[in-house]
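Each chain is listed here by its residues.
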Amino acid sequence: MASLLFLEGGKSTYNINVGVVQESKTLTTASQQYWAQRQAKTFSQLTRVQVDTSSSTAELDWIKFCRANTTFLDRLLWRGVDRLEKALRVYWKGNKTLSKEARRLFGKDAAIEILIPLSHIPLRFVVISPRSAELQIRTSDNADGVKAFQLGRPYVSVSWKGQGFFVITPTGEQVVMQTYYIDHPSLGHWSTDDVLPNLFADTVREFSAELDAVSTHFGPMLRLLNNRDLLEKIDGSLRRMRDSAEAWSLVHLPESQKLEILRALELFESCDAAAPRGLLLTGPSGVGKSLLGKTIAETVGRSFQHLTPASLKLDHLGGSGRRVREVWEEARRHQPSILYLDECEGVLGRRGAAETDAISTEIVQAFLAEWDGLDKSDRVWVIGATNRRDLLDDAIVSRFGWEMQIKLPSEDDRISILHQELKSAGVEATLPAGFSALTQGMSGRDLQDAAKTARRMAHPDPPTVEQIQEAVNKLRKGQNTRVSVHSKWENLVLDQKILGRLKLISGLLRNPEKWIEQGVSIPHSLLLEGAPGTGKTEIARTLANESGLAFHAATTADLKANYLGHSGNRVKKLFEMARSHSPCILFFDELHIVAPDRSLGGDDPMTREIVGQLLQEIDGVQAQSEHVLLIGATNRPSDIDSGILSRFSERLTIPLPDREGRIRLLSIFLAGRKLDFPLYNGAALLADLTKEKDLSGRDLRNWIASAEQSALVRAMDSSNPEQYVITLDDFLSVS
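A short tour of the structure in this document, coming up. All of these numbers come straight from a predicted model, not from anything done at the bench. (Residues numbered from 1 in each chain as written. Predicted model: local features only at pLDDT ≥ 70, side-chain atom pairs only at ≥ 80, totals over all residues. Heavy atoms only, no water.)

### Brief notes about the overall build of the protein chain
Check the secondary structure of the protein chain and you find 27 helices and 18 strands. Over its C-alpha atoms the protein chain spans a radius of gyration of 40 Å, topping by over 25% the 27 Å that the globule rule assigns to 735 residues. Its C-alpha atoms give the protein chain principal-axis dimensions of about 135 × 60 × 55 Å. Taking all 735 residues of the protein chain together, 48% fall into the buried category. Counting every atom, the protein chain has about 36100 Å² of accessible surface; 50% of that belongs to carbon and sulfur. (Helix = DSSP H or I, 4+ residues; strand = E, 2+ residues; numbered from the N terminus. Rg over C-alpha atoms; globule rule 2.2 N^0.38 Å. Buried < 20%, exposed > 50% of the residue type's maximum accessible area, 1.4 Å probe, protein only. Areas by Shrake-Rupley, 256 points an atom, 1.4 Å probe, with all protein chains shown as cover.)

Written as structure tokens, this is what we have:
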């Protein structure tokens, strides 16, 4: 028996005897050559079987044999019927009348035939009747004990009134199919099982020579029928291979991962002992884990159950466990089959954890019991998909036995996916070279959304390349709610050396894949130091906006939970989210508050937990391929934990603006306002007035806001909004 369960999580050992092919170097990709070689090998097998089948005379020989050598079945039946009266008389202690009547009634409607099993699943027989030489094949829906049937061996079946009564096996055993009960005033309660099966078993033994002849002559016919079945299977396999090859061409994974899955599927289909029992797919949302599960199901060509937490989690205790058992029973009935459990952390979460309720615990226990109850012959493959592996129960993870991380698509894959999704949206477009750099950090789902967005933007006309680019930028920056469109280089007032360094970092972040190929080190961390209000936060936002990266900002409130253990988990989730959107910027403002120096004697265990988890996650960011730029901002670097501080490879000090900087900032902040003085001249005058005050950009912005309030009060007092204008005196009055 066999089943494949798929749950929405090195080199394998492959058995050469099951036809696992080695990839050559002649085709474009390893997976393409895999399918080409499998199709070639299967087609070669098809040709050989066709030749054997077309040249066989087994069917004609079998029909001739049946015409001349199966009349013994009539003799066997009537010899048994004739003996029935004597056997019943002994059984009923001399009651001749009833014995004779029973023999007459049985003989009137009794029939006999030979059943020769052809296959177990489905259960099929060649049927031999006493007076028919035609080839008859019967299929049975009854799958109970199907593996007990010996293929190609004759079974004698006795029926009465068209209903199967009992079967005598090749070894002389009786298999009762239907029992009749009789209650008689003088004979009491008895059943047909007490006499008839034993009687005919003895009679069948007398015809063992004839049955052996049937078995011998059926051998060539069995090979012919098996070849015909094999031709149908091979033809279906070739069609499925063509469809599967096309389906897998739409799955964008590294070729090594594709081949590993395809070879495992091949072992699974062939019932090899090395076939997997589970596969845990991990990775961020939108990378195609569900598509991969459906493609596996299409490749196997068997039943597929797409399970979600909603389909398993019922409202009351007991119901969810029963539902799990029903799912497994369905899988066993239709082996091989696939169960795909999406977001499996929602129902297979760690028992005893704060996030796991009693119903989820019940599901985990029921699932473990069913999984452990699989026989070696059961082909049940459990596939789970999750983006929160850390929440899964440890026992569940161990049952999978095989884990595969699905990462964000590569540069080439992103372009292929975007072309594919544009075509699905009815758009034919040729994207220019280098377009893939604009799609960095986007998942397959993001690219699908971008294609649909571009189609909507241009409807009813096809979208231009510029509109597709606009849709991509819109999707990439869609989560940057804390980044203004005005966060641009021209609005930053910085020393040219610092600004140049920031622009260099931005250039590297726009296309880290290409620079890494050239051996260039991409920055992973940057600490911005300086007095409050010097624009450190705006610098981080501008880096994100100008680089086109996702921007995630974290504060102490985002990290500090109410219970010990939860804060570390929040830090972990934050970095996982950042990696899933890589390349991106992860920004920590007021870092000295988020990660204070532990050596100062602080007793807050939650803060120590946050700092400890931050250290681990920062090291993970620097070690993993997903590119995340960690930016910290502080005006008190000495208060930051030394371990955290040492993780920042680059530190930039953002000074207070000098006179030219103040003039530029005042010009930017005053632009668009109603003034009674020339913009630049007024900005220069105001900058000179603040020469001795060491004002930051925030201080200058607040000064302008106060002057604006003074002008508003004056306009309100005159009851004439048209007289509203900001004068230099408004600045002097609040200075």
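### Remarks on the sheet that holds strand β9 (residues 278-282)
Reading across from one edge, β10-β11-β12-β9-β13 is the order of the 5 strands in this open sheet, with parallel pairing throughout. Edge positions in the sheet fall to β10 (303-307) and β13 (403-405), since each of these pairs with one other strand and no more. The mean inter-strand angle of the sheet, taken between neighbouring strand axes irrespective of direction, is 15 degrees. Of the pairings in the sheet, the one linking strand β11 (residues 337-341) to strand β12 (residues 380-386) comprises 5 bridges and is parallel in character. Pairing of Y340 across the sheet is with I383, part of β12. Contacts from helix α8 (residues 289-300) reach β9, β10, β11 and β12, with the element oriented near 175 degrees to β11. (Pairing = 2+ DSSP bridges. Axes fitted to C-alpha atoms, helices over the stretch in contact; angles between N-to-C directions. Contact = heavy atoms within 4.5 Å.)

### What about the environment of M404?
Along the chain, M404 falls in strand β13. Here M404 falls in the buried class, since its relative accessible area comes to 3%. Once the C-alpha coordinates of M404 and E326 are considered, the two residues, 78 residues apart in sequence, prove to be 28 Å apart. When residues no more than four places from it in sequence are discounted, the contact partners of M404 are Q257, E260, I261, L279, L280, L281 and T282.

### Let's talk about the pairing of strand β15 (residues 550-554)
Burial analysis of β15 places 4 of its 5 residues in the buried class, the great majority of the element. Relative to strand β16 (residues 584-588), β15 runs parallel, the two being bridged by 5 bridges. Considered in β16, the bridge of H552 is made with L586.

### Concerning the packing of helix α7 (residues 255-269) against α8
Packing of α7 against α8 leaves a shortest axis separation of 11 Å and a crossing angle of 40 degrees. In terms of axis orientation, α7 runs oblique to α8. In the packing of α7 onto α8, the handedness of the crossing is right-handed. Contact with α7, carried on its side by I261, L265, F268 and E269, involves L292, I296, T299 and V300 of α8 and no other residues of that element. Taken together, the residues of the contact of α7 with α8 break down into 6 nonpolar, 1 polar and 1 charged. (Parallel < 35°, antiparallel > 145°, perpendicular 65-115°, else oblique. Left-handed = near helix turned anticlockwise from the far one by under 90°. Nonpolar A, V, L, I, M, F, W, Y, C, P; charged D, E, K, R; others polar.)

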